[in-house]
Amino acid sequence: MSSVRSIIEAVAILRAGGLVAFPTETVYGLGADADNGAALAKMFAAKGRPADHPVIVHLADISQLRDWAREIPPDAQKLARAFWPGPMSLILPRTARVLDQVTGGQDTVGLRIPSHPVAQELLKAFGGGIAAPSANRFGRVSPTRPEHVREELGDRVDQVLEGADCEVGLESTIVDLSRGRPHLLRPGAVTRQQLEQVLGRPLADEGFDAPRASGRLDSHYAPQARIIVAPAAERSARAAELAGQLAKVALLAPAGTPPPPGVELIPLADDPILFAQQLYAAFREADALACQVAVVSPPPAVGLGEAILDRLLKAAAPRPEN
Ligand code: TXA
Ligand code: MG
């Protein structure tokens, strides 16, 4: 866990326009002072992310919401009360304070109050908003451990605050409340069913007029290894078949699963909560072992399973660059 001293150092770095990576309950964020244009530019450069992609502003508590969102509709109040602090981000109309670099020039801002104790300590000590995308290079898998952040960003980040492995392991649920009817932009650990229960009505599914969101590009969240999604009953056979054709094949399946000849077993639980926690580390392991393909089976696509399937399909999507 991070010491008081490391939090004090992190605050000093943020105030001086530097970058601090920190754990949240979803994934690690790459933090910059959301009111400092130069710090934001440094953050986009460190990620290699196009400057017109908006980033989420992290806050310590609900009392700060008014500084960043000019309207907080009743639906937003309900969701905030039910799920913050926690793994959910809300898209709301922005105030004049919010820099264009944060929003990609859009009239809305993404806001999140994380629950992770290190994130909470940092946000409380800093006092302002911390803009933080996931702490990976653009288009790559989000980090769920401090060593992943160092692998991704090296000395492009001034400090990495440490926490235990991220509890959720997948990026936050994003709900857009800026366009009347609530839209689910990215499924996450706060599930569709939970959101609809609190809202008392169904969420709208995203249409073609979706605002820019890098998490919505196909082939996002992708490791180097090609991802093959197969039902659990067929995964071993599929891996065996691929091993006959390719040099290095990984099977992401529960520990103890006997791997077919020539296949590398990378442990990944079938239980959805554990699956989500372990998935991105398993992707990284497949790359560390230089596997060309990785075969993986999604849990049922309900609840947290919807977010898991979303990330697996994005990882499995065809990639323009290879
Ligand atoms: O769990 C998370 O959300 C993590 C942790 C660090 O908080 N952050 C994260 O950030 O995943 P990032 O930048 O990797 O993904 C945020 C997504 C992006 O797809 C971005 O385009 C979208 O949120 N987003 C941010 N602001 C938005 C806005 N105003 N309108 C629409 N989408 C927005
Ligand atoms: Mg990201």
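Everything quoted here is computed from the prediction, not taken from an experiment. In this numbering scheme, every chain counts its residues from 1 along its sequence in written order. Each chain takes a letter, starting from A, and each ligand takes a number, starting from 1, following the order in which they are written. Where totals are concerned, whole chains, interfaces and linings use all residues; where local detail is concerned, this predicted model gives features only for residues with pLDDT of at least 70, and gives and counts side-chain atom pairs only at 80 or more. As a rule here, side-chain values cover all heavy atoms of the structure and leave hydrogens and water aside.

Only strands joined by at least two bridges in the DSSP assignment are considered to pair. Segments assigned H or I by DSSP are reported as helices when at least four residues long, segments assigned E as strands when at least two residues long, and all are numbered from the N terminus. The parallel open sheet is built from four strands, whose spatial order is S11-S14-S12-S13. The two strands at the open ends of the sheet, each matched to only one other strand, are strand S11 (226-229) and strand S13 (263-267). Looking at each pair of strands side by side, their axes are set apart by 25 degrees on average, direction ignored. Alignment of S11 against strand S14 (residues 293-296), held across four bridges, turns out to be parallel. Counterpart to Ile227 in the pairing with S14 is Ala294. Whether two residues are in contact is decided by their heavy atoms: any pair within 4.5 Å suffices. Angles shown run from 0 to 180 degrees and are taken between the N-to-C directions of axes, each axis being a line fitted to C-alpha atoms and, for helices, limited to the stretch in contact. Across the sheet, helix H9 (residues 235-243) touches S11, strand S12 (249-253), S13 and S14, and the angle it forms with S12 is around 170 degrees. Against the sheet, helix H11 (residues 304-316) makes contact with S11 and S14, and its axis sits at roughly 130 degrees relative to S11, the strand it touches most.

Before going further, it helps to spend a moment on the pattern of salt bridges. Salt bridge, as applied in this entry: a Lys or Arg side-chain nitrogen positioned within 4 Å of an Asp or Glu carboxyl oxygen. All told, the structure shown has 19 salt bridges when counted by the stated rule. The partner of Arg192 in a salt bridge is Glu306, with the nearest N and O atoms 2.8 Å apart. With Arg192 in helix H8 (residues 192-199) and Glu306 in helix H11, the pair connects residues that are 114 residues apart, well separated along the chain. Overlapping salt bridges, with partners in common, bring together Arg140, Glu151, Glu152 and Arg284 in one network.

This part is about the environment of Ala38. Along the polypeptide, Ala38 turns up in helix H2 (residues 37-47). On a C-alpha basis, the gap between Ala38 and Pro259 in space is 50 Å, while along the polypeptide they are 221 residues apart.

Another point: the side chain of His58. With respect to the secondary-structure elements, His58 resides in strand S3 (residues 56-58). Under the relative-accessibility criterion, His58 is labelled buried at 4%. Here a polar contact is taken to be a pair of N or O atoms separated by no more than 3.5 Å, where protein atoms must pair a possible hydrogen donor with a possible acceptor and residues adjacent in sequence count only if both atoms sit in side chains. From its side chain, His58 meets the backbone oxygen of Ile56 in a polar contact 3.3 Å long. When a residue's accessible area, from a 1.4 Å probe over protein chains only, is under 20% of the maximum for its type it is buried; when over 50% it is exposed; and in between it is partly exposed.

All right, on to the pairing of strand S9 (residues 183-186) then. One ladder, built from three bridges, connects strand S8 (residues 173-176) with S9; its direction is antiparallel. Paired with Asp176 across the strands is His183, a residue of S9. Remark: six residues form the turn of the hairpin made by S8 and S9, two consecutive strands paired antiparallel; Gly180 in that turn has positive phi of roughly 80 degrees. The pairing of S9 with strand S10 (residues 204-205) spans two bridges and is parallel. Directly across from His183, in S10, lies its bridge partner Ala204. Tracing the backbone out of S9, into H8 and back to the parallel element S10 gives a crossover that is right-handed. The crossover handedness rule: strands pointing away from the viewer, path from first strand over the helix to second strand clockwise, crossover right-handed.

Our next topic: the nonpolar core. Core analysis: the largest hydrophobic core is formed by 45 residues, its most contacted members being Met43, Leu79, Leu90, Leu111 and Leu195. Elements with a minimum of two residues in this core: strand S2 (29-33), H2, helix H3 (65-68), helix H4 (74-83), strand S4 (88-93), strand S5 (108-112), helix H7 (146-153) and H8. Ranked by residues supplied to this core, first place goes to H2 with five residues. Those residues in contact with Leu90 that sit more than four places away from it in its chain are Ala76, Leu79, Trp84, Val109, Gly110, Leu111, Val175 and Leu177. Counting 26 residues, the second-largest nonpolar core is a separate cluster that includes Leu268, Leu279, Ala307 and Leu312. Working definition of a nonpolar core: buried Ala, Val, Leu, Ile, Met, Phe, Trp, Tyr and Cys residues. They are joined through side-chain atoms within 4.5 Å.

Put simply, helix H1 (residues 4-15) and helix H6 (residues 117-126) touch, their axes get as near as 9 Å, and they point 55 degrees apart. With respect to H6, the element H1 is oriented oblique. Once H1 is placed against H6, the crossing between them reads as right-handed. Contacts between H1 and H6 involve Ile7, Ala10, Val11, Leu14 and Arg15 on the former and, on the latter, Val118, Glu121, Leu122, Ala125 and Phe126. The scheme is simple: roughly parallel for angles under 35 degrees, roughly antiparallel for over 145, roughly perpendicular for 65 to 115, oblique for anything else. Crossing chirality is assigned from the near helix's rotation relative to the far helix, an anticlockwise turn below a right angle marking it left-handed and a clockwise turn marking it right-handed.

Right, let's talk about the sheet that holds strand S6 (residues 130-131) for a bit. Read across the open sheet, the 10 strands follow the order S7-S1-S2-S6-S3-S5-S4-S8-S9-S10; overall the sheet is mixed. Of all the strands in the sheet, the pair left with one neighbour each is strand S7 (159-160) and S10. Sitting on the sheet, H2 touches S2 and S6, and the angle it makes with S2 is about 155 degrees.

Glancing now at the packing of helix H10 (residues 272-288) against H11. Where H10 meets H11, the closest approach of the two axes is 9 Å, and the angle between their N-to-C directions is 20 degrees. The angle between H10 and H11 falls in the class roughly parallel. By crossing handedness, the relation of H10 to H11 is classed as left-handed. Residues Pro272, Ile273, Phe275, Ala276, Leu279, Tyr280 and Phe283 of H10 form the contact with H11, whose participating residues are Leu304, Ile308, Arg311, Leu312 and Ala315. In this classification, Asp, Glu, Lys and Arg are treated as charged, Ala, Val, Leu, Ile, Met, Phe, Trp, Tyr, Cys and Pro as nonpolar, and every other residue, Gly included, as polar. Per-class residue counts for the contact of H10 with H11 are 11 nonpolar, no polar and one charged.

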